[in-house]
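Topology and contacts: notes
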Amino acid sequence: MNFDGLDPGMGEYSPTLHGTMDSGMEPSMDPRLNPNLLQGVELDPEGLAVTVPESVHLLEGMFSELHSVAAEVGIPVSATHFDLQEEMLWMGNHRGHVSSFFGPTMGRYSSFQVHATDDIRHIQSLETGVLFLSKSNLKCYTRGGLIMFDYPMEEGADMHSLLMTDNNTLLMGGLQNYVVEVDLNTVQETQKFTVEVPGVAIMRQTNRFFFCGHTSGKVTLRDLRTFKMEHEFDAFSGSLSDFDVHGNLLAACGFSSRGLNGLACDRFLMVYDLRMMRAVTPLQVHVDPLFLRFIPTYTSRLAIISQTGQCQFCEPTGLANVADIFHVNTVGQLLMSFDVSSSKQALAFGDSGGCVHLWSDAPEVSFNDYSRETEFALPCLVDTLPQLDWNHDLLPLSLIPMPLTSTEPLLSDWPTSLATPSPRRAPPVDPEILRTMKTVGFIGYAANPRTRPRNQVELDYDNYNQVPESPIGRDEEPHLYMVPKKYRKVTIKYSKLGLEDFDFKHYNRTLFAGLEPHIPNAYCNCMIQVLYFLEPIRCLVQNHLCQKEFCLACELGFLFHMLDLSRGDPCQASNFLRAFRTIPEASALGLILADSDEQTGKARLGRLIQSWNRFILTQLHQETQEQEGPQAYRGASSRSDALGSSGESVIGRLFGCEVENSSLCRCGKETIRSSLTLLFTMHYPEQNSHDKTIKEYDFAEILKKSICLEQSTQAWCENCEKYQPTVQTRNIRCLPDVLVINCEVNSTKEAEFWRVQAEYAFNKAMQKEAMEPPKPKEPPPPMPTEWFQLCLSPPPTTYSAVVVLLATCDSLHLFKLSSAEEADGASLYDLVVTVPHILDARTGGNLVAHIKVGETYHQRKEGVTHQQWYLFNDFLIEPIDKTEAAQFDVNWKVPAIMYYAKRNYHSKYDLRIKNPIEASVLLTEASLARKQRKSHATFIPLMVSEMPQAGDLVGLDAEFVTLNQEEAELRSDGTKSTIKPSQMSVARITCVRGQGPNEGVPFIDDYISTQEQVVDYLTQYSGIKPGDLDAKISSKHLTTLKSTYLKLRFLIDTGVRFVGHGLQKDFRVINLLVLKDQVIDTVYLFHMPRKRMISLRFLAWYFLDLNIQGETHDSIEDARTALQLYRKYLELSRGGGTDEVRKVLKGLYEKGRKLDWKVPDSDAGDGQGSPKSTKIVLS
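Since we're looking at a predicted model, the values are computed, not measured. (Residues numbered from 1 in each chain as written. Predicted model: local features only at pLDDT ≥ 70, side-chain atom pairs only at ≥ 80, totals over all residues. Heavy atoms only, no water.)

**Describing the overall build of the chain**
Helices and strands together make up the secondary structure of the chain, namely 22 helices and 55 strands. Counting all 1179 residues of the chain, 49% fall into the buried class. Accessible area for the chain stands at about 60100 Å²; split by element, carbon and sulfur atoms hold 52% of it. (Helix = DSSP H or I, 4+ residues; strand = E, 2+ residues; numbered from the N terminus. Buried < 20%, exposed > 50% of the residue type's maximum accessible area, 1.4 Å probe, protein only. Areas by Shrake-Rupley, 256 points an atom, 1.4 Å probe, with all protein chains shown as cover.)

Now the structure itself:
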């Protein structure tokens, strides 16, 4: 605050006012206060409190003096503040001392010294304490006077005001050229905003702007995010003394310049309308205004306070009335501070004589609408020792205090090892309970297996120590040796070049594409591969296109298109998983994992992937069955082919099985409901509690009983009108083309069942082999970990014509259906997919897939027609033997999912793919941003006549933001190892015309809206600022990622050639696969082998004499520059051939080494100019 124009007497005080007082006077008004807090000031308590006489009655609505209290006589009160949480009034004086008073009676609550010499300039109450701002310090104290933190300012700081922007952040301003933002959680400076000299003396805030008052007489309106100045009001020619904001009005008072006479208080208040950002009629008042505040009760009244104690109320848009003036009795002193309570019922004035005056408009005043209860110090109670009666026989001698003279510890002083709490671990839930548990909402119900005594738990000491007692066991790593290397979790080793020097061919020597595992929730990579290698699914999703922003069928179609184009290089499912994370059902089912769960291996992947399997089939079934049709996207013509019909879903035809669920009550009432199920869950036979041995079962028999399930449970009977024991039976009408089975091996009981059945099958095969003479080229018997048998029998259903025939992969050639069996509707199923859960204690486990890849896939990739089983472990792909897919050693390889397919089921489906992306995606579209205007458009969309053709050039550049920071570790030698790269998201994509009359003009400049939290906008490198991607406040052309993705896909499918700098990374983050002959990357055009890559900025300066990317990057500028560099490269190639290009590149690298690859300043004048006109001259 600038007091240059005020009464000169305010800055000078007689030494007699605050010198040494008479030592014989009472120390304080309250005898419980610490005398050290008063700094030697001793006053008569009778002169400290002046109460309103009983004859004075306060009128409702009229402000009158309620109390007046002297804190320290003669020391000016520099700041007053009503506590926002409690019924308290705070004051601070020019000597750095603060006091607080409780309630309307102004009883002294606390008093303490904050600063030794500097005055208190601003007070702000918090939930846990109170902030005090002095010239060079910000301190926080509890309300009782205990310091919480001390934040010193920079040298030369002159702070005047602070502003709380939220519960944990504040701004501090003063007479310097910056405003500081401080985080109260860490008590550290988070940002520093530069402002104009002479600085900011007053700060206010609304939901639209920060308002900053300057001592030059101006008020600036600044952006809430960036603190950049949006508007400026030049209120007074001299100086500003105070201003306030309410609703759409801003009122200010100050001083006007009077030439040689200096500053004079201006009796005109400047009032501004914030809707039109202009001044309205000034308001003339009858006092010299020094402070003003809005007091919005039933009207928007203004309280104008003068230096001499006069106060006037008036409307900001009306006329001031002399009758509305009252006077604060300051006994000749000047007012130095002023504050209004949050309830608008009380006013506080601090004067230069050390008094605080409380005014109110009601006798029963409250400072806040809802104040919490204030804690008071309890009086000191000195306990007296009890009287001991020595004559009493039962007197405990422990009542007599005895000094501890011995050096030996007391018996009650236990060592730490015995006193440390050691809670016992909760025992695991009985697997039988988990197996039979039925979930309703989030509550599970299961029958008590009665395997343990009531309210008793067996304490198992053996499971506490997981480290082998034998040293040999420690060296062998028992959990790791049993897992073959190809089944272990694969990780990508990152270097300085990222993924460029990682050898993916070492893990995949086929032409099929793997999937990268470093993306969040990439545990489902194996199931994505399963869906891709089902030909009807691959064709379905690639023909599907809808208007939903997050559609899993659309994203799978885009991903499968990339897998089709790849020739062995891995792809990543980042866009698919991004859409997957936005599906509410996926989050509700617990399918979205936290990063910590994935890294530590806490997730139960076997159960998780089975839930994911059920979810994805249901989701695809719903999305491909919508009425608008798969091709209905922005006017694309709808086609009613086999895959495009909306009446029946291909998912339903492929996986769907019509079932009848019958519920029979014991009263005889039977209820039958028909439904469609997409998969079945294995149910295993109950084990006899008396007989611990597991009987031998046929796999097909268990599967039939699981499909045609019969179980007893409690259900509601409408006939009995209560819950009754019912028998529920599931019967099937027909079998699907692809039979999906969730194995449900989620406990040791089911795993033991699989192990025993595999041993039975192995022993039976060995006995059969011993009885028969050996035959040449006989297939080997099943391993002891394989349990699959052939079944040819009708299931227990009313439809006896349905016959299930299940075959294992190693016995398919032995069986054929007879004509009678085919007439009865029998079906032969081949095992085509198994998904096991790999148990590995070292890595937390992982999921892999065994897939039988059909002839059509081999024909497209390798030009051969055969079938082969492959192991898919993220980006590791390896051919395996057909028996390996059906072998499960439950010690480390637990079955999770199996797919059986009918033979020749493909013939029922139309497997043609017609690209649904049409040229209409490039036409004009509306922006998602509400503030975006056509006049601000940075691009001109393509006309119909400008539609690109194959071979056309398109300049491309993209900018990105960071969603997750990079995770790295430092090795012992000081080098950095990247564990997990930063997760990037595309934020802006620009395409410019590469030929024609409008060459260099952008036709796509899309900012990509994101719903995920951005941790770093990378503004220096991307040019993206906070708010640019927010549809509510952005002024850019904002679109969805899917909309822009379709534009780029259309350009790729058309066959255009993209020109850019570093396009490999751009396409990787956008999640696009572009053939190499369609990419022209200037980073490789101007590159010599085994030398560094050169930045676009240096190439533009060297070859084009352009100075780009000065402060931030602009994608339009970068795309144009890349096109010009390509034209320059063609010019060099045509002029001198390969030798001349090599000579020019040598000169480029020599110049770069001399300049340390930094572009010199254009005005340096040191002979380091661009060699465009000198060095690159072709003979």
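Okay, back to it.
**Here we look at helix α21 (residues 1096–1104)**
Extensive coverage of α21 is indicated by the burial of eight of its nine residues. Within the span of α21, buried status applies to Leu 1096, Phe 1098, Leu 1099, Ala 1100, Trp 1101, Tyr 1102, Phe 1103 and Leu 1104. The secondary structure elements touched by the buried residues of α21 are α20 (1082–1085) and α22 (1115–1154). Asp 1105 lies just past α21 and shows a positive phi near 55°. (Contact = heavy atoms within 4.5 Å.)

**Section: the sheet that holds strand β16 (residues 209–213)**
Hydrogen bonds between backbone atoms are what pair the strands of a sheet, whose relative direction is either parallel or antiparallel. Pairing in this open sheet of four strands is antiparallel, and the strands run β15-β16-β17-β18 from one edge to the other. Looking at strand neighbours, the two that pair on one side only are β15 (202–205) and β18 (229–234), the edges of this open sheet. Between one strand axis and the next, the sheet turns through 20° on average, direction left out of account. As paired elements, β16 and strand β17 (residues 218–223) share five bridges and run antiparallel to each other. The residue bridging Phe 211 from the neighbouring strand is Leu 221, located in β17. (Pairing = 2+ DSSP bridges. Axes fitted to C-alpha atoms, helices over the stretch in contact; angles between N-to-C directions.)

**Overview of the pairing of strand β22 (residues 268–273)**
Extensive coverage of β22 is indicated by the burial of five of its six residues. Judged from the four bridges that link them, strand β20 (residues 249–257) and β22 form a sheet pairing that is antiparallel. Residue pairing in the sheet places Ala 252 in a bridge with Met 270 of β22. Relative to strand β24 (residues 283–284), β22 is paired through two bridges, and the arrangement is antiparallel. Within β24, the position partnered with Leu 269 by the bridge is Leu 283. Pairing between β22 and strand β23 (residues 278–279): two bridges, direction antiparallel. Looking across to β23, one finds that Asp 273 is bridged to Arg 278.

**Let's talk about the pattern of salt bridges**
With the rule as written, the count across this model stands at 47 salt bridges. A salt bridge links Asp 119 to Arg 121, with the shortest nitrogen-to-oxygen separation between them at 3.5 Å. By relative accessible area, Asp 119 is classed as buried at 17%. For Arg 121, a relative accessible area of 22% puts it in the partly exposed group. (Salt bridge = Lys/Arg side-chain N within 4 Å of Asp/Glu carboxyl O.)

**Some details on the nonpolar core**
Counting 105 residues, the largest nonpolar core has Tyr 523, Ile 528, Ile 609, Trp 612, Phe 655, Tyr 899 and Phe 1058 as the members making the most contacts within it. Counting residues in each nonpolar core, the second largest holds 45 residues, with Tyr 494, Ile 732, Val 848 and Val 890 among its members. (Core = buried A, V, L, I, M, F, W, Y, C linked by side-chain atoms within 4.5 Å.)

**Describing the side chain of Ser 663**
By the secondary structure assignment, Ser 663 is in strand β34 (residues 657–665). The buried category is assigned to Ser 663, whose relative accessible area is 13%. Contacts of Ser 663, omitting those with residues within four sequence positions, involve Lys 669, Glu 670, Thr 671, Thr 726, Val 727 and Gln 728.

**Regarding the sheet that holds strand β12 (residues 169–174)**
Pairing in this open sheet of four strands is antiparallel, and the strands run β11-β12-β13-β14 from one edge to the other. Two strands close off the open sheet at either side, each with one partner strand: β11 (159–166) and β14 (188–194). Averaged over neighbouring strand pairs, the angle between their axes works out to 25° when direction is ignored. The sheet contact formed by β12 and strand β13 (residues 178–183) spans four bridges and is antiparallel. By the bridge assignment for β13, Leu 171 is matched with Glu 181.

**A word on the pairing of strand β51 (residues 983–993)**
Among the 11 residues of β51, 10 are classified as buried, and the element is accordingly described as predominantly covered. Sheet analysis places strand β48 (residues 953–964) next to β51, joined by 10 bridges and oriented antiparallel. The residue of β51 that forms the bridge with Val 961 is Ser 985. Here β51 pairs with strand β52 (residues 1002–1008) via five bridges, running antiparallel. Opposite Thr 990, over in β52, you have Asp 1005 as the bridge partner.

**What about the environment of Ser 1009?**
Looking at the element boundaries, Ser 1009 is found in the loop between β52 and α17 (1019–1022). Overall, the relative accessible area of 15% leaves Ser 1009 in the buried class. Counting along the chain gives 31 residues from Ser 1009 to Thr 1040, while the straight-line C-alpha distance between them is 5.5 Å.

**Let's talk about the side chain of Asp 1028**
Looking at the element boundaries, Asp 1028 is found in the loop between α17 and β53 (1038–1039). Although Asp 1028 lies buried, it forms no salt bridge, and the closest oppositely charged side chain, Lys 1036, sits 4.9 Å away as judged by the N-O distance. In terms of polar contacts, Asp 1028 uses its side chain to reach the backbone amide nitrogen of Lys 1025, at 2.9 Å. In this structure Asp 1028 touches Tyr 1007, Gly 1023, Ser 1034, Lys 1036 and Leu 1038, once residues within four positions along its chain are discounted. (Lys, Arg positive; Asp, Glu negative; His and termini not counted. Polar contact = N/O pair within 3.5 Å; in protein donor to acceptor, adjacent residues only side chain to side chain.)

**Quick look at the UniProt feature "binding site: a divalent metal cation" (unreviewed entry) in the chain**
UniProt's entry tags Asp 957, Glu 959, Asp 1066 and Asp 1118 with the feature "binding site: a divalent metal cation" (unreviewed entry), counted in the numbering of this structure. Across 162 residues in sequence, these annotated residues keep their C-alpha atoms within 12.9 Å of one another, forming a single compact spot. Structurally, Asp 957 is set in strand β48. By relative accessible area, which is 8% here, Asp 957 ends up buried. (UniProt positions renumbered as here; feature names shortened; annotations may be inferred.)

**Considerations on the confidence of the model for the chain**
Across the chain, the average pLDDT comes to 80, with 81% of residues at or above 70. This model gives residues 1–57 a pLDDT under 50, and the stretch forms 71 contacts once residues within four places in sequence are excluded. Of the regions scoring below 50 in pLDDT, residues 1173–1179 engages in 12 contacts with residues more than four places distant in sequence or in other chains. (pLDDT = per-residue confidence, 0-100.)

**Quick word on unusual backbone geometry**
With an omega dihedral of 15°, the bond running from Val 197 to Pro 198 counts as a cis peptide bond. Tracing the chain through its elements places Pro 198 in the loop between β14 and β15. With phi around 65°, Lys 344 is a residue other than glycine that occupies positive phi space. Among the secondary structure elements, Lys 344 is positioned in the loop between β29 (335–340) and β30 (346–351). In this structure Lys 344 comes out as partly exposed when scored by relative accessible area, which is 23%.

**Regarding the packing of α21 against α22**
At a closest axis distance of 9 Å, the pairing of α21 and α22 adopts a crossing angle of 75°. With respect to α22, the element α21 is oriented roughly perpendicular. Each of Leu 1096, Phe 1098, Leu 1099, Ala 1100, Trp 1101, Tyr 1102, Phe 1103 and Leu 1104 in α21 lies in contact with α22, whose residues at this interface are Asp 1118, Thr 1121, Ala 1122, Gln 1124, Leu 1125, Lys 1128, Leu 1132, Val 1144, Gly 1147, Leu 1148, Lys 1151 and Gly 1152. Classifying every residue of the contact of α21 with α22 by side-chain character gives 13 nonpolar, four polar and three charged. (Parallel < 35°, antiparallel > 145°, perpendicular 65-115°, else oblique. Nonpolar A, V, L, I, M, F, W, Y, C, P; charged D, E, K, R; others polar.)

**Points about the packing of aromatic side chains**
In total, this model carries 47 aromatic pairs according to the counting rule given. Relative to Phe 367, the ring of Phe 82 has its centre 4.9 Å away and its plane inclined at 65°; by these criteria the two rings are edge-to-face. Of this pair, Phe 82 sits in strand β3 (residues 77–82) while Phe 367 sits in the loop between β31 (355–360) and α1 (416–419), and the two are 285 residues apart along the sequence. For the residue pair Phe 82 and Phe 367, the accessibility class agrees, reading buried in each case. (Phe/Tyr/Trp six-rings, centres within 6.5 Å; stacked < 30°, edge-to-face > 60°.)

**Quick look at helix α11 (residues 605–623)**
Taking 1.5 Å per residue, 19 residues should reach 27 Å; α11 reaches 26 Å between its end C-alpha atoms and fits that length. Within α11, 14 of the 19 residues are buried, which leaves it mostly tucked inside the rest of the structure. (Expected span 1.5 Å × (residues − 1).)

**A word on a nonpolar patch on the surface**
On the surface, a nonpolar cluster with roughly 480 Å² of combined accessible area is contributed by Val 440, Phe 442, Ile 443 and Tyr 445. Within the secondary structure layout, Val 440 lies in strand β32 (residues 438–440). (Patch = residues over 30% accessible without salt bridge, like charges linked within 9 Å, V, L, I, M, F, W, Y side chains within 5 Å.)

**Concerning the environment of Asn 185**
Examined against the element boundaries, Asn 185 turns out to sit in the loop between β13 and β14. According to the relative accessible area criterion, Asn 185 is exposed, its value standing at 56%. For the pair Asn 185 and Asn 168, spaced 17 residues apart in sequence, the C-alpha separation works out to 6.3 Å.

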